[in-house]
Amino acid sequence: MYSFWDVTLSLLDGFWITGKLFLLTLLFALPLGLIVCFGSMSKYKILSAPVKTIVWIIRGSPLMLQILIVYYGPGLMFGLPLLPRFSAALVTFVINYSCYFSEIYRGGIQAVPKGQYEAGQVLGMTRSQIFFRVTLLQFVKRIIPPMGNELITLVKDTALSRTIAVYEIIWAAESFQKKGLVWPLFYTAVFYLVFNGLLTILFSKAEKKLSYFN
Amino acid sequence: MALLEVKDLTKSFGKTEVLKGISFSLEQGKVLSIIGSSGGGKSTLLRCLNFLEFAEKGTISVNGETVYDGEKRGETSEARMRENRLHFGLVFQQFNLFPQYDVLGNITLAPTLLKRGTAEEITARAMELIKRVGLEDKAHNYPCQLSGGQQQRAAIARALALDPEILCFDEPTSALDPELTGEVLKVIRELKELDRTMIIVTHEMNFARDVSDDIIFMANGEIEEQGPPEQVFGFPKSEILKKFLKDYS
């Protein structure tokens, strides 16, 4: 039989992959989201229309389906070799989350009053001075709450990579199930809860830190 | 020679002509108030002077030097434009203080970025301005901790920190509760005594009559009437102005 300790170690192994997927998704999707955001906000329709369509497709269809398409699609349609499982999951998450982030960014940019840019201009500041010294912090303050929400969702969404057998924590727990042990699957909730608890604390700290202004 | 010379300024938004050839001049140390109903082009004129909007035609000259020419707009570099706009300062209706800086920080930010002296000099000058607008005890407060009147006074100090030759006010008291307008108008009156050249767009008729050397009444994108306050308020000629003054008294 497996001891509680054995199961914990094994699940930690899986959760390491979950965490890696989470962090790498952030690393790529945070900047990519900004590019998508600028694309969708462009005054040139030839750029904004296709970007908005992509965002609609990505946000409007199930993430699980997207994972399957990225993993199996190239092989089924073009006879290409399969991507490694982890990479396929990562690519999907990056695309999916950069679309969500782009909408959060857009909200943040539009929430900074136009008067702030104008005040900076009238005071003779350059565009980059206005961006870094005036609007950036106001933008960050405004995107923190929706970002916190989105990151918590991302932690849980990583579980969907189980559909293409990425060895993350759910998969690790299910391998015990096959051996007749059901409780490790429920036990995984503790890992998610602890991690998301930490995220929640981190974000509320950041929110507090910026609460001295409106 | 007049300090400011505006010639034939024309500006449209789409098909709507907002300024239909505005010309006027302003002497050093004088106060000009622009009155008129909403939508008459007053704010747009002020925004054109501060290069927040760009007139399609017409010129703006300060001290005989053309700082803006609508027909040569594309030829002016951004750096040059930034330099030129520093002839003017602008106080907004909505204050537009930077919320993440305290009052002192709001005032010192631009002079620091423009390298207008050492940090000590800039701070000393800012403190002087803070005293002048009566906010000595609020120097380290953030905008959200101030009343509207205090915010507007801080915004005036911020505009003064760059020492513009012409200070513009875009309805500086319109966003304020009536009991707070007095403190802001008092600051502007004091600036007049210090011989600041100012252009004030306002709906405070009594104040405009009091403080101005010259009044411009704008209607439908044109200067309908212009003259010293006694004349414009006392002996209005055009029917539109007569009606406007009646509605406002």
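In what follows, the structure referred to is the one given above.
Residues numbered from 1 in each chain as written. Chains lettered and ligands numbered in written order. Predicted model: local features only at pLDDT ≥ 70, side-chain atom pairs only at ≥ 80, totals over all residues.

The next subject is the overall build of chain A. The secondary structure content of chain A amounts to eight helices and zero strands. Ordered by position from N to C terminus, the α and β elements of chain A give α-α-α-α-α-α-α-α. Counting only C-alpha atoms, chain A reaches 75 × 45 × 20 Å along its principal axes. Taking contacts inside chain A between residues at least 6 apart in sequence as the whole, the part at least 24 apart equals 72%. (Helix = DSSP H or I, 4+ residues; strand = E, 2+ residues; numbered from the N terminus. Contact = placed C-beta atoms within 7 Å.)

Moving on: the interface of chain A and chain B. Facing 18 residues of chain A, the contacting portion of chain B comprises 20 residues. Elements with a minimum of two residues in the side of chain A that touches chain B: helix 5 (114-122) and helix 6 (127-157) of chain A. At six residues, the largest contribution of residues to the side of chain A that touches chain B is made by helix 5 of chain A. For the side of chain A that touches chain B, the class distribution of residues is eight nonpolar, eight polar and two charged. (Nonpolar A, V, L, I, M, F, W, Y, C, P; charged D, E, K, R; others polar.)

Here we come to the sheet that holds strand 10 (residues 222-227) of chain B. Residues and elements named next belong to chain B. What the six strands build is an open sheet, ordered 6-7-8-3-9-10; its pairing is mixed. Strands at the two margins of the open sheet, each flanked by one partner only, are strand 6 (88-91) and strand 10. Neighbour-to-neighbour, the strand axes of the sheet open up by a mean angle of 20°, direction not taken into account. With four bridges connecting them, strand 3 (residues 31-35) and strand 8 (residues 197-201) associate as parallel partners. Bridge pairing links Val31 to Met198 in strand 8. (Pairing = 2+ DSSP bridges. Axes fitted to C-alpha atoms, helices over the stretch in contact; angles between N-to-C directions.)

Looking now at the pairing of strand 4 (residues 57-62) of chain B. All names here are of chain B. With five bridges connecting them, strand 1 (residues 4-13) and strand 4 associate as antiparallel partners. When the sheet's bridge partners are listed, Thr10 is paired in strand 4 with Lys57. Once strand 4 ends, the chain turns through two residues before running back antiparallel as strand 5 (residues 65-69), passing Asn63 with a positive phi of about 55°.

Residues and elements named next belong to chain A. In the contact formed by helix 6 and helix 8 (residues 183-209), the axes pass within 10 Å of each other and the chain directions differ by 170°. On the basis of their axis angle, the class for helix 6 and helix 8 is roughly antiparallel. Counting all contacts with helix 6, which are made through Ile144, Pro145, Gly148, Leu151, Ile152, Val155 and Lys156, the residues of helix 8 involved are Tyr192, Phe195, Asn196, Leu199, Phe203, Ala206 and Glu207. Broken down by class, the residue content of the contact of helix 6 with helix 8 amounts to ten nonpolar, two polar and two charged. (Parallel < 35°, antiparallel > 145°, perpendicular 65-115°, else oblique.)

Backbone-to-backbone hydrogen bonds pair the strands of a sheet. The strands run either parallel or antiparallel. Residues and elements named next belong to chain B. Reading across from one edge, 2-1-4-5 is the order of the four strands in this open sheet, with antiparallel pairing throughout. Looking at which strands have only one partner, the edges of the open sheet turn out to be strand 2 (16-26) and strand 5. In this sheet, adjacent strand axes meet at a mean angle of 25° when their direction is disregarded. The sheet contact formed by strand 1 and strand 2 spans eight bridges and is antiparallel. Residue pairing in the sheet places Phe13 in a bridge with Thr16 of strand 2. On the sheet, helix 1 (residues 42-49) packs against strand 1, strand 2 and strand 4 and is oriented at approximately 65° with respect to strand 2.

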